[in-house]
Amino acid sequence: MWSHLRNQKSDSTCSGDHETSGGHDFRFISATVRLLVGSGAEAFAQRFGVLTMNPASLITDERFQKLKKYASLLESHTLVGVSPAGRRLDCPEENEEVHLDTVGAIAVDFEGNIAVAASSGGIMLKHSGRVGQAAIIGAGVWAEESDGQGVACCTSGSGEHLIRANLAREVCKSLIHDESALLADVLSEKFFSSVTPGSGDRFMGGLLLQTSNWKSTGKGFLHVFHNTPTLCWAMASTNREKAKAEMSYNIHSNLSSKASVITLGYSA
């Protein structure tokens with residue numbers, strides 16, 4: 001991440017702390033490192049004793065065969081996503097029944113502390129080294145509290161578009177500063193209107209939890225939103241014997257420009 005800095009020491013945020021490893025002198029920027037990818041991330045993990053595994057053990061024959069199928073399909077065309085006849089290629093898996101593995105979660109404790117997390121397996125045929133929105137604070141996850149109000153959001157969908165819109169943060173900021181704002185209007189402004197038309201499928205979905213004086217009321221609102229055909233979601237709390245889980249279906253015919261929004265009351 002720092003290899004392109006000509007003089008690390010001249011950086012205004014460099015600290016004097018350093019350590020030596022493998023003959024190299026590492027001088028650390030004072031801000032805590034937030035994101036590492038590729039070989040650098042692996043080396044960092046191994047250095048601090050994080051357990052590792054052979055990546056080949058994660059490959060299933062079914063997914064490997066699909067990868068080969070779509071890689072071959074892609075190589076047979078001169079332009080990415082466009083056939084020689086100028087027709088758009090079918091998106092991998094869009095006509096197949098598949099179970100994707102992006103997972104997001106929001107939690108709030110009895111004190112009103114709110115937190116959010118997300119995990120994603122990425123997309124098929126992605127560029128080597130690609131980082132999707134799930135790992136980007138602001139795009140994939142965001143949580144904050146202000147004057148007794150709490151809000152947290154996790155997103156899924158077209159990662160590049162979500163990163164460009166910084167959607168999780170923008171939605172949270174809009175709602176925490178204007179409690180009367182409607183989520184559908186915020187999504188229209190911050191996502192559908194902000195992402196360049198014609199830049200590919202703009203699919204997204206997510207969860208958002210709003211709380212108000214949680215410590216005294218224990219009440220809030222859970223929002224489920226998506227412009228995909230469906231979105232699975234679930235909710236659990238200490239006063240529910242069983243978790244509630246549902247499949248949300250989009251009611252709009254024009255999926256590219258409108259999101260379906262479900263709002264539910266939530267209590268601890």
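You'll find the structure just up there.
Along each chain, residue indices are assigned from 1 in the same order as the chain's sequence is written. Only residues with pLDDT of at least 70 are given local features in this predicted model, and only at 80 or more are side-chain atom pairs given and counted; all residues enter the totals for whole chains, interfaces and linings. Side-chain numbers come from the whole structure's heavy atoms, not from hydrogens or water.

Undergrad: Tell me what's going on with the sheet that holds strand β6 (residues 149-157), and back it up with residues and numbers.
TA: A pair of strands is treated as paired once DSSP finds two or more bridges between them. Note on conventions: DSSP H or I runs of at least 4 residues are helices, E runs of at least 2 residues are strands, and numbering of each starts at the N terminus. Spatially, five strands are ordered β5-β6-β7-β8-β11 in an open sheet, and the strand pairing comes out antiparallel. Two strands in the sheet have a free side with no partner beyond their single neighbour: β5 (141-146) and β11 (260-267). Across the sheet, the axes of successive neighbouring strands diverge by a mean angle of 10°, strand direction being ignored. Relative to β6, β5 is paired through six bridges, and the arrangement is antiparallel. From the neighbouring strand, V141 faces β6, where its bridge partner is C154. Here helix α4 (residues 167-177) sits on the sheet and contacts β5, β6 and β7 (204-212); the angle it forms with β5, its principal contact strand, is near 20°. Where helices are involved, their axes are fitted lines through C-alpha atoms of the stretch in contact, as for all axes, and angles between N-to-C directions lie from 0 to 180°. In what follows, residue pairs with any heavy atoms lying within 4.5 Å of each other are defined as contacts.

Undergrad: Give a description of the nonpolar core that names residues and reports values.
TA: To form a nonpolar core, buried Ala, Val, Leu, Ile, Met, Phe, Trp, Tyr and Cys residues must be joined to one another through side-chain atoms within 4.5 Å. Throughout this description, buried means an accessible area under 20% of the type-specific maximum (1.4 Å probe, protein chains only), exposed means over 50%, and partly exposed covers the range between. Counting residues in hydrophobic clusters, the biggest one holds 20 residues, and the most contacted among them are L167, V171, L187, F191, M204, L208 and F225. Those elements that provide at least two residues to this core are β6, α3 (159-165), α4, α5 (183-192) and β7. With residues up to four places along the chain from it excluded, the contact list for M204 reads S156, G157, L162, L167, L187, F191, F192, F225, H226, N227, T228 and A259. Core analysis: the second largest hydrophobic core is formed by 15 residues, V108, L207, L209 and V224 among them.

Undergrad: Help me get a handle on the pattern of salt bridges, residues and values and all.
TA: Put simply, a salt bridge is a Lys or Arg side-chain nitrogen that is within 4 Å of an Asp or Glu carboxyl oxygen. Inspection of every chain in the model, using the stated rule, returns six salt bridges. As a salt-bridge pair, E170 and R169 come within 3.7 Å of each other at their nearest N and O atoms. Look at E170 and you get partly exposed, because its relative accessible area is 22%. A salt bridge links K190 to E170; the shortest N-O distance between them is 3.5 Å. In this pair, K190 sits in helix α5 while E170 sits in helix α4, placing the two residues 20 residues apart along the sequence.

That is the geometry; function is a separate question.
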